[in-house]
Amino acid sequence: MAGLKGRDLLSLADLSAGEVAELLELAFQLKAGAIHPRCEGKVLGLLFYKNSTRTRVSFSVAIAQMGGQVLDLNPNVTQVSRGEPIADTARVLSRYLDVLAIRTFAQADLQTFADYADIPVINALSDLAHPCQALADLLTVRETFGQLSGVTLTYLGDGNNVAHSLLLGCALAGVNVRVATPPDYRPDPTIVAQAQAIAGDATEVTVTTDAVAAVQGAQVLYTDVWASMGQEDEAANRVPIFQPYQINEDLLAKADSKAIVLHCLPAHRDEEITEGVLEGPQSRVWDQAENRMHAQKALLASLLGAV
Ligand code: CP
Ligand code: NVA
């Protein structure tokens, strides 16, 4: 993965199909214990403006297991929350750190960090995208079905950051992807067009409002919260609008009989997914959460030139 050394990952569109396949193969081998990349002396900074359990812990453990260290740059106790410009922060942090993972609101802020930093900048979730999540999701699909090409994944719910990265990730990996949302909550048309351009004619990229049609024949059903971080005020109003997109026993029965269910977590039980489905035999959400660590280990090792 020499080609990824020193690069940023702000969106999966930053990667080629071949690079995604190589990263997933690396993650697969890392999980199997077949390879042991080392990152001794390397320091990963975490600059998170939003809450996180999985991303924060999986990145921290990933770098530690490879011999590196993590530094938590809590925005509330650094100068960033007192208005120090991103351009200045990025240049200063580049003099201390080897790689920086940022969770923030605006994709433009991430881009500014990347423009001014000399070290790799990783999008650890923005309002627009969650590329590290989609890498782990694709790893989970690959290990379940033994391949990615030709599998059909249906995402139901809000056309949000997770949906956007799935659209791009599936298009790059040759996974047919259908996104079913309420009419006013469609994914960003620019991202949909990007995914369709990547997918070409061989891979399906569909956006619809029809949840039942979207799950027909699908091997993966996927959902996320109906109101993301920063949208808490809209949560109650969204419940009746999103109800037809809930992954419940009836909807799951309409998918392929061997379908698995994914959720990036945290989940709101009996809102976007029923308790029975989340805890049921078709759910792979705990493996999916574990795979965050393996996928990000592959990513860190590649960006740091350790593989
Ligand atoms: N799925 C995910 O990103 O979880 P966290 O918000 O806990 O990091
Ligand atoms: N769409 C969710 C994902 C959380 C991991 C959010 O942005 O809050």
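Structure first, text after, so check above.
Here's a quick rundown of the structure.

Parameters at a glance
- Residues numbered from 1 in each chain as written.
- Chains lettered and ligands numbered in written order.
- Predicted model: local features only at pLDDT ≥ 70, side-chain atom pairs only at ≥ 80, totals over all residues.
- Heavy atoms only, no water.
- Helix = DSSP H or I, 4+ residues; strand = E, 2+ residues; numbered from the N terminus.
- Polar contact = N/O pair within 3.5 Å; in protein donor to acceptor, adjacent residues only side chain to side chain.
- Contact = heavy atoms within 4.5 Å.
- Axes fitted to C-alpha atoms, helices over the stretch in contact; angles between N-to-C directions.
- Parallel < 35°, antiparallel > 145°, perpendicular 65-115°, else oblique.
- Left-handed = near helix turned anticlockwise from the far one by under 90°.
- Nonpolar A, V, L, I, M, F, W, Y, C, P; charged D, E, K, R; others polar.
- Salt bridge = Lys/Arg side-chain N within 4 Å of Asp/Glu carboxyl O.
- Buried < 20%, exposed > 50% of the residue type's maximum accessible area, 1.4 Å probe, protein only.

### Some remarks on the side chain of Asn123
Mapped onto the elements, Asn123 comes out in strand β4 (residues 121-123). In terms of polar contacts, Asn123 uses its side chain to reach the backbone amide nitrogen of Leu125, at 2.7 Å. In terms of polar contacts, Asn123 uses its side chain to reach the backbone carbonyl oxygen of Ala129, at 3.4 Å. Once you skip the residues sitting within four places of it in the chain, Asn123 turns out to touch Leu9, Leu10, Ile102, Gln107, Leu110, Ala129, Pro131 and Cys132.

### Focus on the packing of helix α3 (residues 86-94) against helix α4 (residues 107-116)
As a packed pair, α3 and α4 sit with axes 8 Å apart at the nearest point and diverge in direction by 45°. By the angle between their directions, the pair α3 and α4 is classed as oblique. With respect to the hand of their crossing, α3 and α4 are arranged in right-handed fashion. Residues Ile86, Ala87, Thr89, Ala90 and Arg91 of α3 touch α4, and the partners they reach there are Asp109, Thr112, Phe113 and Tyr116. Here the contact of α3 with α4 is built from residues that sort into 5 nonpolar, 2 polar and 2 charged.

### Structural notes on the pattern of salt bridges
Per the stated rule, a full pass over the model turns up 12 salt bridges. One salt bridge connects Arg7 with Glu19, and the closest N-O pair in it is separated by 2.8 Å. Highlighted residues: Arg7 in the segment before α1 (17-32) and Glu19 in helix α1, separated in sequence by 12 residues. For Arg7, a relative accessible area of 26% corresponds to the partly exposed category. Here Glu143 and Lys31 are joined by a salt bridge, their closest N and O atoms 3.0 Å apart. Of this pair, Glu143 sits in helix α5 (residues 131-145) while Lys31 is found in helix α1, placing the two residues 112 residues apart along the sequence. Classification of Glu143 by relative accessible area gives partly exposed; the value is 29%.

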